[in-house]
Amino acid sequence: MKALRLRTIVLCVLAAAVLCAAAAGAYLYKKGMLHMPIPEEDALPILMYHHLVEDGEECNDMTVTVGRMEKDLKWLQDNGYHTVLPRELAAGDPLPEKPVLLTFDDGYRSNYELLFPLLEKYQMKAVISIITYMQDVSASNFISWDMCREMTESGLVEIGSHSHYLHNLGDLGGNFVPDGINGIQRDPEETDEEFQVRVLDDIQKSYDLITQEVGEVTFFAYPFGVTEPDAEDLINELFPVTVVTKNGTADLRKGLHQMPRMTVTMNKELDTILTGN
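Residues numbered from 1 in each chain as written. Predicted model: local features only at pLDDT ≥ 70, side-chain atom pairs only at ≥ 80, totals over all residues. Heavy atoms only, no water.

Draft legend 1. Summary view of the environment of Asn-247. Secondary-structure assignment places Asn-247 in strand E10 (residues 241-247). Exposure remark for Asn-247: the relative accessible area of 61% places this residue in the exposed category. Excluding its chain neighbours within four sequence positions, the residues that come into contact with Asn-247 are Pro-260, Arg-261, Met-262 and Thr-263. (Helix = DSSP H or I, 4+ residues; strand = E, 2+ residues; numbered from the N terminus. Buried < 20%, exposed > 50% of the residue type's maximum accessible area, 1.4 Å probe, protein only. Contact = heavy atoms within 4.5 Å.)

Draft legend 2. Broad picture of the pairing of strand E12 (residues 259-263). Burial analysis of E12 places four of its five residues in the buried class, which makes it a mostly covered element. Note that strand E2 (residues 46-49) and E12 share two bridges and pair parallel. Looking across to E12, one finds that Leu-47 is bridged to Met-262. (Pairing = 2+ DSSP bridges.)

Draft legend 3. Spotlight on the nonpolar core. Counting 52 residues, the largest nonpolar core has Leu-47 and Ile-203 as its most contacted members. Discounting chain neighbours no more than four positions away, the residues touching Ile-203 are Leu-166, Ile-184, Ala-231, Leu-234, Ile-235, Leu-238 and Phe-239. One finds Ile-46, Ala-221, Val-243 and Met-259 within the second-largest nonpolar core, a separate group that totals twelve residues. (Core = buried A, V, L, I, M, F, W, Y, C linked by side-chain atoms within 4.5 Å.)

Draft legend 4. Structural view of the side chain of Glu-232. Tracing the backbone shows Glu-232 in helix H8 (residues 232-238). Nearest to the buried, unbridged Glu-232 among oppositely charged side chains is Arg-186, at 12 Å. Side chain to side chain, Glu-232 and Gln-258 meet in a polar contact 2.8 Å long. (Lys, Arg positive; Asp, Glu negative; His and termini not counted. Salt bridge = Lys/Arg side-chain N within 4 Å of Asp/Glu carboxyl O. Polar contact = N/O pair within 3.5 Å; in protein donor to acceptor, adjacent residues only side chain to side chain.)

This is how it looks when you write it as structure tokens:
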């Protein structure tokens, strides 16, 4: 009888310990402090590119050569990956086996001249997030509205928003400012009215311009990956799918907003980027 009672106590203690561990794990996971493996059916790798240059030209962390781009597309195809678009995610369409989302920020003209022919060649899809001010002023190094329409009509490209003028344009030259106010970030000294005009109206304008010139827009790439709580309601209302620059694989169980991405550079092969090795 004593042995039975002791065994019962031990089992109860073990059960309590398991429950406590599970609860702690769930709490830490929710807070982003514990990283558990993402089930294959819920994992979405999102690759982040920007500008393409011809082979032999100098590259930085924001550029890849056209040869490297073709190598990446061919590697994805050869290894069973299937590209998807934000609108397919937003519609809740069933995902193909090994889905991957290709994203291109800023809307450089090289996305039309160098990337688009490769997408047509391999029949692969990508989303290009544009800074709509560049289309408004017909900036020569960025894609035009006509280019946006042509690529969209192919069914291989979706046009997303990267804001209208909030990519630190003007005197800042589009560059990130350490310890400064970047992208949609709110200036602590701004009034609600000033924030509305500078940030919220800008985001709305980018959405309206793309809708008017190209059609439905479902995607927003945060400039510099910087989020802002005071802008979240509007962004989530306008864009079903949003991404930041935090590194990692998107977990679709957490929704389609502020999904992480993996930066692609010349100094690391794509298989290494995707596997994290």
